[in-house]
Amino acid sequence: MSEAATRSATTSPDLLASLEPLLREWLPRQRWFAGKGRPVTDFSLVAATELLPATAQSGLYHLLVRAHQPALQGPGDCYQLLIGAREALPPRLAPALIGHVDRGPLTGRTVYDALYDARAAEVLLEAMRTRARIGALRFDRGRDDKGGAGDDGEGDIPSGLAARMVTAEQSNSSIVYGDTFILKLLRRVAPGVNPDLELPLALAREGCPRVPAPVAWICADAAGTTDHVLDPDAETSAEDRYVLGVLQPFVRGAADGWELALRELAKGEDFSAEARALGRATAEVHMALARALPTVTMGHAQLGPLVDGMIERLDAAVQAVPALHPYAPGLRSAYEALADLAAEGQTWTAQRIHGDLHLGQCLRSPSGEWSLIDFEGEPSKPLAERRLPQPAVRDVAGMLRSFDYAAHSLHPRLPDWAAVCRAAYCAGYAETAGRDPRTDPVLLRAYETDKAVYEVVYEARHRPDWLPVPMSAIHRLAAPD
């Protein structure tokens, strides 16, 4: 890695030009590409770094590439790509194929998604182990009392760990190293403080055991990209940095909360004890975040824009999904009731939260302990919005909706399963937090309604067969009582 660490970034536009025809076909097919259904008209290179030199056998490039889609507002999304180049692709890498290059510096090579390649994964781990700086890329690890890089030696990350890519569908990509660490690589990235690193670091400082503490992370200084022209020798702030990946301990033998719930459902087993324990774990995380980071009081002035946003999303959803139209008045009343309470002088506490909590964001260890993962928030929203303090009940509403989804996945359905789990989850939350989310029914109903409205639009567009799931919640939430 020492040789690679001395190489500077490769920013030749010829590199992107040689890849562009292939990326135009390959990128929109990826699960994590956000602009599906809209043509990509152009690409621009934000940064390119040679991680392994192009030899007769192979080469490895780290790219930040912006995809331009005129149908979308803004400059286009920036994606992180790890591109391997070989003369011929071995059969084991066939699923990673991007295409064959017929122009530019990689002419005659076959390029592929190198995250499928154990050698590329080893390069990333070694760079984190040695705190390498390669072009615009910064590999950091450890922490001091302020959550920055520490001086704890290199023994915390052993070398030689076998790497494997997680092939399950997800909005990012993950690599597991020897059942010891898991590296989450963000695919769609933007400069700024990313909660997927910020919040786990804050929770680690608080000693919260419910979130695996970051071991290392990968960033790109905006100073080394075309997005932000700065002195390349200057230190950059967190706002001027892309967070690209986070390495955390791998929870061995852990069960994904969604898969666990489905297995218990299929066996007809009660899940209320697990839901209750998950409620306690959620409350522990919320309380630790409230200690670690500032909280704010939300009154009439703050609730007004929040309620307005909910109503705007409802109006847009009714236009997109006509089936919502009969329920619109009842759904709107959920938001208006919240606005009325704020107008009467009621206030709420807002804090940093998970932001996208559901069963799939939770892991249960073999010992029965729950962990929360993936603090990225909703990737479709700007980083600044994802970092805003919000009522903790927003996370609770997301989990309640997740229980509904799990219950509807089984045929024939168990009608009381979701209700029992929802009640147990809230009771567990109350045991730790000292307050039950159900004691603020107006706020909870508003957030659950907002989530269900979002789900209706998503399912109508992407999974019409699932539309009855959120519509059943819409029927319940639109009722005046």
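Scoring rules and cut-offs
Residues numbered from 1 in each chain as written. Predicted model: local features only at pLDDT ≥ 70, side-chain atom pairs only at ≥ 80, totals over all residues. Heavy atoms only, no water. Helix = DSSP H or I, 4+ residues; strand = E, 2+ residues; numbered from the N terminus. Rg over C-alpha atoms; globule rule 2.2 N^0.38 Å. Buried < 20%, exposed > 50% of the residue type's maximum accessible area, 1.4 Å probe, protein only. Contact = heavy atoms within 4.5 Å. Areas by Shrake-Rupley, 256 points an atom, 1.4 Å probe, with all protein chains shown as cover. Lys, Arg positive; Asp, Glu negative; His and termini not counted. Charge placed at Lys NZ, Arg CZ, Asp CG, Glu CD. Pairing = 2+ DSSP bridges. Polar contact = N/O pair within 3.5 Å; in protein donor to acceptor, adjacent residues only side chain to side chain. Salt bridge = Lys/Arg side-chain N within 4 Å of Asp/Glu carboxyl O. Core = buried A, V, L, I, M, F, W, Y, C linked by side-chain atoms within 4.5 Å. pLDDT = per-residue confidence, 0-100. Phe/Tyr/Trp six-rings, centres within 6.5 Å; stacked < 30°, edge-to-face > 60°. Lys NZ or Arg CZ within 6 Å of the ring centre and 35° of its normal. Axes fitted to C-alpha atoms, helices over the stretch in contact; angles between N-to-C directions. Left-handed = near helix turned anticlockwise from the far one by under 90°. Nonpolar A, V, L, I, M, F, W, Y, C, P; charged D, E, K, R; others polar.

Q: An account of the overall build of the protein chain is needed here, citing residue identities and associated values.
A: For the protein chain, the helix and strand inventory stands at 13 helices and 20 strands. The globule rule puts the C-alpha radius of gyration for 481 residues at 23 Å, and the 23 Å found for the protein chain is close to it. Overall, the C-alpha framework of the protein chain stretches about 70 × 50 × 50 Å when taken along its three principal axes. Sorting the 481 residues of the protein chain into buried and exposed places 53% on the buried side. Contacts spanning at least 24 positions in sequence make up 69% of the contacts within the protein chain whose residues lie at least 6 apart. Carbon and sulfur atoms make up 52% of the accessible area of the protein chain, which totals about 21,200 Å². With 50 positive and 63 negative side-chain charges, the protein chain shows a spacing of 2 Å between the two charge centroids.

Q: So what's going on with the pairing of strand S3 (residues 77-86)? Which residues, and what values?
A: Side-chain direction in a regular strand flips from residue to residue, so the side chains alternate between the two faces of the sheet. The element S3 is largely enclosed, with a buried count of 9 among its 10 residues. Bridge analysis of strand S2 (residues 58-68) against S3 gives 10 bridges, and the strand direction is antiparallel. Bridge assignment links arginine 66 to a residue of S3, and that residue is cysteine 78. Looking at chain direction, S3 and strand S11 (residues 188-189) are connected through 2 bridges and run antiparallel. Considered in S11, the bridge of tyrosine 79 is made with arginine 188.

Q: Hey, could you go over unusual backbone geometry for me, with residue numbers and the actual values?
A: Of note, the phi angle at aspartate 179 is positive, near 60°, even though the residue is not glycine. Counting through the fold element by element, aspartate 179 comes out in the loop between strand S9 (173-177) and strand S10 (181-185). Phi at aspartate 374 takes a positive value of approximately 60°, unusual for a residue other than glycine. Relative to the assigned elements, aspartate 374 resides in the loop between strand S20 (370-372) and helix H9 (383-386). Judged by relative accessible area, which is 25%, aspartate 374 ranks as partly exposed.

Q: I'd like a description of the environment of leucine 341, backed by residues and values.
A: Tracing the backbone through its elements, the reader meets leucine 341 in helix H8 (residues 328-343). With 41 residues separating them in the primary sequence, leucine 341 and histidine 300 have C-alpha atoms 8.4 Å apart. Those residues in contact with leucine 341 that lie beyond four places of it in its chain are Gln346, Trp348 and Val442.

Q: Any details on the side chain of asparagine 194? Residues and values, ideally.
A: For asparagine 194, the position within the fold is in the loop between S11 and helix H4 (195-205). Reaching out from asparagine 194, the side chain makes a polar contact with the backbone nitrogen of aspartate 196 at a distance of 2.8 Å. Every residue in contact with asparagine 194, bar those within four places of it in the chain, is listed here: Leu186, Val243, Glu376 and Leu383.

Q: Outline the pairing of S2, listing residues and values.
A: Of all 11 residues making up S2, 9 are buried, and the element is well covered by its neighbours. Pairing between strand S1 (residues 42-52) and S2: 9 bridges, direction antiparallel. By the bridge assignment for S2, phenylalanine 43 is matched with alanine 67.

Q: Give a description of the pattern of salt bridges that names residues and reports values.
A: The full count for this structure, using the stated rule, is 34 salt bridges. We note a salt bridge from arginine 422 to aspartate 404, for which the minimum N-O separation is 4.0 Å. Residue arginine 422 is located in helix H11 (residues 417-433), and its partner aspartate 404 is located in helix H10 (residues 393-408); the two are separated by 18 residues in the primary sequence. For arginine 422, a relative accessible area of 14% gives the class buried. One network of salt bridges, in which partners are shared, links Arg401, Asp404, Arg422, Glu448, Glu455 and Arg476.

Q: Pulling in residues and values, what's your account of the nonpolar core?
A: Generally speaking, soluble globular proteins have nonpolar side chains that are buried together. Core analysis: the biggest nonpolar cluster contains 78 residues, and Phe271, Leu324, Tyr335, Leu372, Phe403, Trp417 and Tyr425 have the highest contact counts within it. The next biggest cluster of nonpolar side chains, apart from the first, holds 48 residues, and it includes Met165, Leu185, Val215 and Tyr242.

Q: Go over the confidence of the model for the protein chain with me, naming the residues and quoting the values.
A: Predicted coordinates in regions of low pLDDT should not be interpreted in detail. Averaged over all residues, the pLDDT of the protein chain equals 89, while 90% of them reach at least 70. Contacts for the low-pLDDT stretch residues 144-155, under 50 throughout, to residues beyond four places or in other chains number 26 contacts.

Q: Can you lay out the packing of aromatic side chains for me, pointing to particular residues and giving the numbers?
A: Throughout the structure, instances matching the rule amount to 8 aromatic pairs. Taken together, the ring pairs connect Trp26, Trp32, Phe33 and Tyr79 into an aromatic cluster. When the ring centre of phenylalanine 250 is taken as origin, the NZ or CZ atom of arginine 164, which lies over that ring, is 5.9 Å away. Over the ring of tryptophan 466 we find arginine 463, and its NZ or CZ is 4.6 Å from the ring centre.

Q: For the sheet that holds S10, give the residues involved together with the corresponding values.
A: Backbone-to-backbone hydrogen bonds join strands into a sheet, with any given pair of strands oriented parallel or antiparallel. Spatially, the 7 strands line up as an open sheet ordered S6-S7-S12-S15-S10-S9-S8, and their pairing is antiparallel. The outermost strands of the open sheet, each flanked by one partner alone, are strand S6 (133-134) and strand S8 (163-165). Pairing analysis gives 5 bridges linking S9 to S10, with the strands arranged antiparallel. Its bridge partner being in S10, tyrosine 177 is matched across the sheet by phenylalanine 181. The strands that helix H3 (residues 118-129) touches are strand S7 (137-141), S8, S9, S10, strand S12 (216-221) and strand S15 (241-249); relative to S7, the one it contacts most, it runs at about 65°. Along the sheet face, H4 touches S10, S12 and S15 and points at about 50° away from the line of S15.

Q: Describe the packing of helix H12 (residues 441-462) against helix H13 (residues 468-477), listing the residues and the values that go with them.
A: As a packed pair, H12 and H13 sit with axes 9 Å apart at the nearest point and diverge in direction by 145°. As for how H12 packs across H13, the hand of that crossing is left-handed. Counting all contacts with H12, which are made through Arg445, Glu448, Thr449, Ala452, Val453, Glu455, Val456 and Glu459, the residues of H13 involved are Pro470, Met471, Ala473, Ile474, Arg476 and Leu477. Of the residues in the contact of H12 with H13, the class split is 8 nonpolar, 1 polar and 5 charged.

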